[in-house]
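Analysis of the macromolecular model
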Amino acid sequence: VLKVDQNNKLQWILSPNYKWGKTGRDGNGFDPREFVLTAIDAEENPLPSRVQQGLAGTDDFEWSTGQHALNLLPNGNLLLFDNGLSRNFAGKPTYSRAVEYRIDEENRTIQQVWQYGKERGREMHSPITSDVDVLPQTGNRLIVAGNIRASEDRPHAKVIEITHPENKVVFEAKVYFKDLNG
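Residues numbered from 1 in each chain as written. Predicted model: local features only at pLDDT ≥ 70, side-chain atom pairs only at ≥ 80, totals over all residues. Heavy atoms only, no water.

**Focus: the overall build of the protein**
Our working definition: The numbering of helices and of strands both runs from the N terminus, where a helix is a DSSP run of H or I of at least 4 residues and a strand a run of E of at least 2. Each radius of gyration is computed over the set of C-alpha atoms, and the globule rule expresses the reference value as 2.2 Å times the number of residues to the power 0.38. Note on classification: 1.4 Å probe, protein chains only; a residue is buried when its accessible area is under 20% of the maximum for its type, exposed when over 50%, partly exposed between these limits.
Looking only at helices and strands, the protein has 1 helix and 11 strands in total. For the protein, the α and β elements follow one another from N to C terminus as β-β-β-α-β-β-β-β-β-β-β-β. Since a compact globule built from 182 residues should have a radius of gyration of about 16 Å, the 17 Å found for the protein is in line with a globular shape. In the protein, buried positions account for 41% of the 182 residues.

**Here's the deal with the sheet that holds strand β9 (residues 141–148)**
In sheet architecture, strand pairing relies on hydrogen bonds along the backbone and comes in two forms, parallel and antiparallel. Heads up, the condition is: Note: two strands are recorded as paired if DSSP finds a minimum of 2 bridges between them. Interaxial angle, 0 to 180 degrees, is taken between N-to-C directions of lines fitted to C-alpha atoms, where a helix line uses only the stretch in contact.
Read across the open sheet, the 4 strands follow the order β8-β9-β10-β11; overall the sheet is antiparallel. Two strands in the sheet have a free side with no partner beyond their single neighbour: β8 (131–134) and β11 (169–176). Across the sheet, the mean angle from the axis of one strand to that of its neighbour is 10°, orientation sign disregarded. In this structure, β9 lies alongside strand β10 (residues 156–162), joined through 6 bridges in antiparallel fashion.

**Let's talk about the pattern of salt bridges**
Heads up, the rule is: By definition, a salt bridge exists where a carboxyl oxygen of Asp or Glu is found within 4 Å of a side-chain nitrogen of Lys or Arg.
A complete count under the given rule lists 12 salt bridges for this structure. When the shortest N-O distance is used, the salt bridge between Lys3 and Glu105 registers 2.7 Å. Here Lys3, found in strand β1 (residues 2–4), pairs with Glu105, found in the loop between β6 (97–104) and β7 (109–116); they are 102 residues apart in sequence, far enough to count as distant. Relative accessible area serves as the criterion here: at 29%, Lys3 is assigned to the partly exposed category. As a salt-bridge pair, Lys174 and Asp153 come within 2.7 Å of each other at their nearest N and O atoms. Of this pair, Lys174 sits in strand β11 while Asp153 sits in the loop between β9 and β10, placing them 21 residues apart in sequence. Look at Asp153 and you get partly exposed, because its relative accessible area is 25%.

**Focus: the sheet that holds strand β4 (residues 67–72)**
Pairing is mixed across the open sheet formed by 5 strands, whose spatial order is β3-β7-β6-β5-β4. In this open sheet, the two strands that pair with only one neighbour each are β3 (38–39) and β4. As judged from the 4 bridges shared by β4 and strand β5 (residues 78–82), these two strands associate in the antiparallel manner. By the bridge assignment, His68 is partnered in β5 with Phe81.

The following block contains the structure:
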């Protein structure tokens, strides 16, 4: 995820800082590394190098991998669905989640302030076709893990409504696919 201003100038990049270099086919273009956000903990301290690179996570922070369904919240935070593709560059299914990040544009830092899904593991891992939204009347989060195939169950989608920030399940349904093609 990246932000550009109205003049098409790069503001920041939400990404692990692993293997970033100059742009362009020949690698002689613009150097975007200064725009890659620095992950911080709850006390606003930078996290260890392996976390910055996306090679590891902590209990309080992980980079999103395979993200979409981006929502800009009224408080300025970003809410998105993180499919968890190659989490920590491991290349195996782990979990998907909804995650909220706070970005300090001036200091180019990022802090994870909320997530749901990591605790569900592979039973919620959906590499594609997923979403997260804030329900306007309750403030609850509606999460759709749209294509679950790595769990013990047959292929399906999962619709989950949870309270925010407590993460109490209000509603959950499985929608089984008619066939293996979904």
